[in-house]
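# Examining the three-dimensional arrangement
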Amino acid sequence: MHSDQTRQSSGDWRAFAVSISGTFISTLDSGIVNTALPTIGQGFAASVAEVQWIVAGYFLTISCVLPLFGRLGDMYGRRRIYPLGFLIFTAASMLCGAAPSLWTLIAARVGQGVGAAILMANSPAIIMAAFPGATRGRALGLVGMTVALGSLIGPGLGGMIIQGFGWRSVFYLNLPFGLFGVWLARRYLTSKERLRDETLDVLGAVLFAVGMVGLLMAVAHGHDWGWTSAPVIIGLSVAVVFLAGFGFWEGRCPHPMLDLSLFRVWPFFSGNVAAYIAFMSMFSNAILMPFYLHGPQGMEPMAMGFVLTSLPLTMGVVAPVSGYLSERVNYATLTSLGMACISGSLLWLALLPGDAPLWRVYFGQMTLGLGSGLFMSPNNNSVLSSAPQDKVGLVGGIQALVRNLGMISGIAVATSVFEGLQAAARAQGATPDAAFMTGYRAALTTGAALAASACLLSLYRRRLFREKPAQEHRVVRKEP
């Protein structure tokens, strides 16, 4: 009895270990696989356009099914659903390693995406259930540290494994981690009764998935295919029709996959909008900084790696501290400071000359990591805390979906601005380096402006939090 009371007040760190294992394996795998892409392309004699589907198919699958698997976790319980995510991810990893052709590998990566979506959607809900008290903020902060650690280790570990054992080994590496995750989940997650009066919204899931495929294909490839090209227009048209149909159906379905009333809760809505803008702004740096370091700075890959790892390293240090502070400080204060740091750092990086001293690049990357660490944990805490307990799986899926949409949109916007301004500078007679810097500065300045708008939104959230008690922001669950 005493141990149960202690666990309730301090949090269930065994359940935390289960959640963190799923977060770590999916984050680590992304970094390792990205490192293996050139080697895989050589092995299958495939073009860059073909190889990119190894990544695109994975993230497209995740984005399409995140809310569905979050809802399944709410309905059937995390102890049933979470081990299934590990099993699917592990089996698909084995198929990836044994793939005889590129398109077989891409199909197996779609299977990995299904497993990863189950883990991503339900991991926040496990944290919410395991930490009902004041320790939730520090737990979410440690999740942020784990994401940063996986991002930090992945590329370097992938390079060593590929060089020593070949690209197939990076997928086989997932097998012991996945099986261990299954054991952890079955051992430490508690059982939950199924919500027997509710049924799965299959039509809603199909409408959402088809709409998301159209949207993501159009947004991700708009700068390649042309924003007025037939494929992009068709993709956007499909997205509008099917997502509108999804919204219409969800408003009338007795047990909808997505409870639209959640978007009337201000902390939930504003927190997700701020997260979307934050990821858009940060990925202007993520997509263009490697080209700046390799081009104008003339750096070798290993030196580039040291510079780029300074961001997740700083984020990994700051995120637990920020999570701890979110238990004691207004969420919106921390998120506003974080977005201000992100905006300032992007502006700093945008103003760098091509031959900038290396300390200035490091300073910009570390400040960006500081802002990311300050923003993520408190913002996640505010969104998750605004939802009723029986919908935290769905909310976790929505958060992960918003993150993916922000990353894809940020890459699309940054690339479009960069290529447009670079082409205009070349047309006016600028040298290749000068044209690059013109596009680079414009793209990062756009990212800084986006981050500034998210900072203003967070400041507005802070005023509302000060004016209204926390319980007024929460969804009121109707009892049967």
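I will try to describe carefully the structure that is included in this document.

Cut-offs applied
- Residues numbered from 1 in each chain as written.
- Predicted model: local features only at pLDDT ≥ 70, side-chain atom pairs only at ≥ 80, totals over all residues.
- Heavy atoms only, no water.
- Helix = DSSP H or I, 4+ residues; strand = E, 2+ residues; numbered from the N terminus.
- Buried < 20%, exposed > 50% of the residue type's maximum accessible area, 1.4 Å probe, protein only.
- Contact = heavy atoms within 4.5 Å.
- Areas by Shrake-Rupley, 256 points an atom, 1.4 Å probe, with all protein chains shown as cover.
- Phe/Tyr/Trp six-rings, centres within 6.5 Å; stacked < 30°, edge-to-face > 60°.
- Axes fitted to C-alpha atoms, helices over the stretch in contact; angles between N-to-C directions.
- Parallel < 35°, antiparallel > 145°, perpendicular 65-115°, else oblique.
- Left-handed = near helix turned anticlockwise from the far one by under 90°.
- Nonpolar A, V, L, I, M, F, W, Y, C, P; charged D, E, K, R; others polar.
- Expected span 1.5 Å × (residues − 1).
- Polar contact = N/O pair within 3.5 Å; in protein donor to acceptor, adjacent residues only side chain to side chain.

### Digging into the overall build of the protein
- Each helix and strand in the protein was counted, giving 17 helices and 0 strands.
- Taken over 480 residues, the protein has a buried fraction of 54%.
- Intrachain contacts of the protein at a sequence separation of at least 6 include 84% that bridge at least 24 residues.
- Just so you have it, the protein exposes about 20,500 Å², and 69% of that area is on carbon and sulfur atoms.

### As for the environment of L28
- Counting through the fold element by element, L28 comes out in helix α2 (residues 13-44).
- On the basis of relative accessible area, L28 is assigned to the buried category, the value being 5%.
- A sequence separation of 146 residues divides L28 from N174, and the C-alpha atoms of the two residues are 9.4 Å apart.

### A look at the packing of aromatic side chains
- On inspection of all chains with the given rule, the structure shows 15 aromatic pairs.
- Here the aromatic rings of Y58 and F59 are separated by 5.2 Å at their centres, their planes lie at 80°, and the arrangement is edge-to-face.
- Of the residues examined, Y58 reaches a relative accessible area of 0% and is grouped as buried.
- Each ring, one from W348 and one from W359, has its centre 6.3 Å from the other, and the planes form 55°; the classification is tilted. Taken together, the positions of W348 in helix α14 (residues 331-350) and W359 in helix α15 (residues 358-385) put the pair 11 residues apart, joining distant regions of the chain.

### Looking at the packing of helix α10 (residues 202-225) against helix α11 (residues 230-250)
- Between α10 and α11, whose axes approach to 7 Å, the crossing angle comes to 155°. Between α10 and α11, the crossing angle belongs to the class labelled roughly antiparallel. The two elements α10 and α11 meet at a crossing, and its hand is left-handed.
- When grouped by side-chain class, the residues that make up the contact of α10 with α11 number 17 nonpolar, 7 polar and 1 charged.

### Section: helix α5 (residues 78-97)
- Over its 20 residues, α5 runs 28 Å from end to end, which matches the ideal 28 Å to within 8%, given 1.5 Å per residue.
- For α5, every residue scored as buried is listed here: R78, I81, Y82, P83, G85, F86, F89, T90, A92, S93, C96 and G97.

### A look at the side chain of N122
- Tracing the backbone through its elements, the reader meets N122 in helix α6 (residues 102-130).
- Judged by its relative accessible area of 0%, N122 falls in the buried class.
- A polar atom in the side chain of N122 sits 2.9 Å from the backbone oxygen of I118.
- If we skip the residues at most four places from it in the chain, N122 touches F69, G70, G73, R78, I81 and Y82.

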